[in-house]
Every structure is written in structure tokens, then in C-alpha cells.
Amino acid sequence: MDTMLKIGITCYPSLGGSGVVATELGKLLAEKGHQVHFISHSVPFRLGTFHKNIFYHEVEVNDYYVFKYPPYDLTLANKMAQVAKMQQLDVLHVHYAVPHAVCAFLAKQMVGDHLKVVTTLHGTDITVLAQDESLKDLIRLAINESDAVTAVSKDLIRETHELLDITRNIDLTYNFVDKRMYYPRDTTELHKDYAFGDDRVLMHVSNFRPVKRVSDVVEIFAKVNEKIPSRLLLVGEGPDLPKIQFQIQELGLTDRVMFLGKQDDIPQVISLADILLLPSEKESFGLVALEAMACGVPTVGSQAGGIPELIIHGETGYLAPIGDTDKMAEHAIELLTNHQLMQTMIKNCLDRSQREFSNERMMAEYEQIYYRVLGRE
Ligand code: GMT
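Quick caveat: nothing in here was measured; it's all calculated off a predicted structure. (Residues numbered from 1 in each chain as written. Predicted model: local features only at pLDDT ≥ 70, side-chain atom pairs only at ≥ 80, totals over all residues.)

Novice: Can you walk me through the packing of helix 2 (residues 72-87) against helix 3 (residues 97-111) in this structure?
Specialist: Running from N to C, helix 2 and helix 3 point in directions that differ by 50 degrees, and their axes come no closer than 8 Å. As the angle between them shows, helix 2 and helix 3 are arranged oblique. Relative to helix 3, the crossing made by helix 2 is right-handed. Contacts from Asp73, Leu76, Ala77, Met80, Ala81, Ala84 and Lys85 in helix 2 reach Pro99, Val102, Cys103, Ala104, Leu106, Ala107, Met110 and Val111 in helix 3. Residue composition of the contact of helix 2 with helix 3, grouped by class: 13 nonpolar, no polar and two charged. (Axes fitted to C-alpha atoms, helices over the stretch in contact; angles between N-to-C directions. Helix = DSSP H or I, 4+ residues; strand = E, 2+ residues; numbered from the N terminus. Parallel < 35°, antiparallel > 145°, perpendicular 65-115°, else oblique. Left-handed = near helix turned anticlockwise from the far one by under 90°. Contact = placed C-beta atoms within 7 Å. Nonpolar A, V, L, I, M, F, W, Y, C, P; charged D, E, K, R; others polar.)

Novice: What exactly am I supposed to notice about the sheet that holds strand 5 (residues 116-121) here?
Specialist: Working definition: the strands of a sheet are paired by backbone hydrogen bonds and lie parallel or antiparallel to each other. Sheet architecture is open: seven strands sit in the order 3-2-1-4-5-6-7, paired in parallel fashion. Each having just a single partner strand, strand 3 (54-58) and strand 7 (171-172) make up the two edges of the open sheet. Direction of pairing for strand 6 (residues 148-151) relative to strand 7: parallel, over a ladder of two bridges. Bridge pairing links Ala151 to Leu172 in strand 7. (Pairing = 2+ DSSP bridges.)

Novice: What exactly am I supposed to notice about the nonpolar core here?
Specialist: Nonpolar side chains in soluble globular proteins tend to be buried together. Counting 112 residues, the largest nonpolar core has Met80, Met203, Ala273 and Leu276 as the members making the most contacts within it. Both domains that furnish three or more residues to this core are identified here as domain 1 (6-176 + 358-373) and domain 2 (188-356). Setting aside residues no more than four positions away along its own chain, Leu276 makes contact with Met203, Ile270, Val288, Ala289, Ala292, Val297 and Thr299. (Core = buried A, V, L, I, M, F, W, Y, C linked by C-beta atoms within 7 Å. Buried ≥ 20, exposed ≤ 12 C-beta atoms within 10 Å, placed from the backbone. Domains from an automatic or database assignment.)

Novice: Just to check I follow, could you spell out the sheet that holds strand 13 (residues 317-320) for this structure?
Specialist: Strands sit in the order 10-9-8-11-12-13 across an open sheet of six strands; the sheet is parallel. Two strands in the sheet have a free side with no partner beyond their single neighbour: strand 10 (257-261) and strand 13. For this sheet, the mean angle separating the axes of adjacent strands, direction not counted, is 20 degrees. As paired strands, strand 11 (residues 275-278) and strand 12 (residues 299-302) are joined by three bridges and run parallel to one another. Bridge assignment links Leu277 to a residue of strand 12, and that residue is Val300.

Here it is in C-alpha cells:
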């Protein structure tokens, strides 16, 4: 029997950790010999250049004048069904419950039960949207009707069961990094462009949404900079950015902070940092902390959601209660002033990321789930 599968993947192609994980997984599966069909409104931003075994099917929404809101979700469901029939897909793997898991449920109704649906929950699809009464029942239906459901942390599994009052099995599939891309890069030359002399570098990478608590990042940085001359590099863009720019001006830190905007080469950028700051309010996993870990950069952050499953306090970084910027600054200062401690943490970060969150391990886990739902174990 041919063990190679035909897999449809739908994700948010243009933003966020869920899109990154879905795209990287698709690339790995294709490299292994599976046929991967991305179905979305745009080419996923991490897809890069041509890959053998990867196909892209664009969803084009009908903008007919009677529609106040063009029906992307319905068109996506129809496209999923068309691609599944035409390409004889075995599995539709959808990332983020809303609307993707619902669309996959509809597609399965159109195609038949032989098409299996795997849904991966990423975080705010549960922690924020499943609390919204206008979506809750629909999310519950899509999760219950999926052939397999995975979530990126134990905490997210717990929260899904609790918030949606469901009992079905949810597989744990942590986020991963490809070690061929994520390793410590040499930044000796580059460092001079981002920091003066011995300045230490603190970094935050996110979509600058309220859940990221970027103003806490600035507070932590201000406290650290009082003791140790430092630079703060802010990477990414989002709605809180103007507020953060104002806060930085008010604190007189303008010449100590740089806004790098959106960046593609995250391993190169992250390698510039001594510490990554992640003080989020909610974080089902915190992919960026894993990306930093794989580049030998410890994280100082909050104990939110799944972060403690990734960052072992005192081993690969430091965690404090959400909002406790004093404690987070204290930990950052301890790390920056204790060379031996920093070296040990860097080593722990590299070991743990490769041992627990490798691409090989996670791809094998996803493959096992596909074979299980297809009854081909
Ligand atoms: O809401 C977001 O932050 C975006 C969301 C996404 O879909 O990209 O991020 C979530 O998924 C990531 C990949 O699994 C996780 O690493 C993030 O922790 C998670 N974000 C939150 O839970 C806030």
C-alpha cells in the first residue's frame, strides 16, 4: 500500500504562528514525499520558493452586489470540497477553528466520510473566540465533528474541554522549529548597527495585539536599562504600536528603542538578542519563544497559558505572574549580570529545543494522527 498521502492544508496564510506552523508542516510533509495542497486566499507567507509536491489552490470570493459581507467561508468550504474530489485528498488538515474547521466540516458533507478532517487548535480560536456566544456552538460542532483534533499545549486542551464543555480526545502536538533554519547565527557585525558598544539587547516579537501586553515589555525594558545599558528591539506590527511609541516617548527612551517592523528572517533577527521578552496575557504556546530558544536566546515572560510547558523556569528562562514587570525585570537583570548563568541557559535552550520540539518529532506525530484517522495504523 502507498504510504504517501494527499493532504489539504488550510491556514491563515498571511499572519501569525498558526500560519507559520501550518506552512512549515506542509513543507516538511512534502519533503518526505506526501502531496500537499494549500487551500487559501493567498500563498502562505512562509512558503518561499518552488517546492516539489506542494500545490496551491486559491479561494476567490464572489463579490456579488447583494452581499454586504462577501462569503469567504462558504467559498472556502466549496473550494475544499472541489480540491478534495479533484485531487482525491485523504485528509484536510485545518489550522485555527474559525472558520477553517467549520468549512472543513461542510466540505466533508459534500465529499463523503472517506475525507478525514484533522483540526489543530492554536490558541485564540479557543481562548478568545470560544467565549463568544455568537460563535461558541459552531466551534463546538466543528471540533466534535472533526476526525481528530490537536492542540498546541496541554493548557489549551484543558481550556478547550472546559470552555466548550466537551469530552472528546484532543491530541497534544506542540509547535516545532526546523533546526536547519533555527540555530544561533553569527551577529558580530550586525550587532554594531543595533547597539552601542556593550549595550545588551532585549527583544520582543509579536503582532502587537492587547493580549501580548507590549506595554509591559516597555516597562520591563525601562527597569533593566536603569541598571544595565540596553537596547530594545521591537519586531512586528499591530494595533498597539502607536500606543507603545507614545509610551516610549513619554519615558524618554526613544534613542534606546528600535522598531524593526515585520521581518522574514526571524532566526537572524532573534540571534541579535540576549533575552526575548514575552509577558503575554494569553499564550497557548508562544512559538516565538521556541524560535528564540532554538537560536540560544532565553525568554523572560509570563506564566500565561502554555508558556510554562515550553519555558522551564530557571532552566531555559524565567517566568513570573502576568503583569509582574518588577519580577520579570529582576530576572532579566540577574541573567544579564551573571555570565555563567547565561551560558548555562543558552546551552539548556539549545538542548531542549532540539530534544523536545524538533521538526522530525512533530512531523512524525502529525503523520501518526493522519494514519490513525484513515485506519492505516
Ligand atoms: O492570536 C494570536 O496570537 C495568533 C495565533 C495564531 O493563530 O497565529 O497564535 C497562536 O498560535 C501560535 C501557534 O500555535 C501559538 O504559538 C500562540 O501562542 C497562539 N497565540 C495565543 O494563544 C495568543
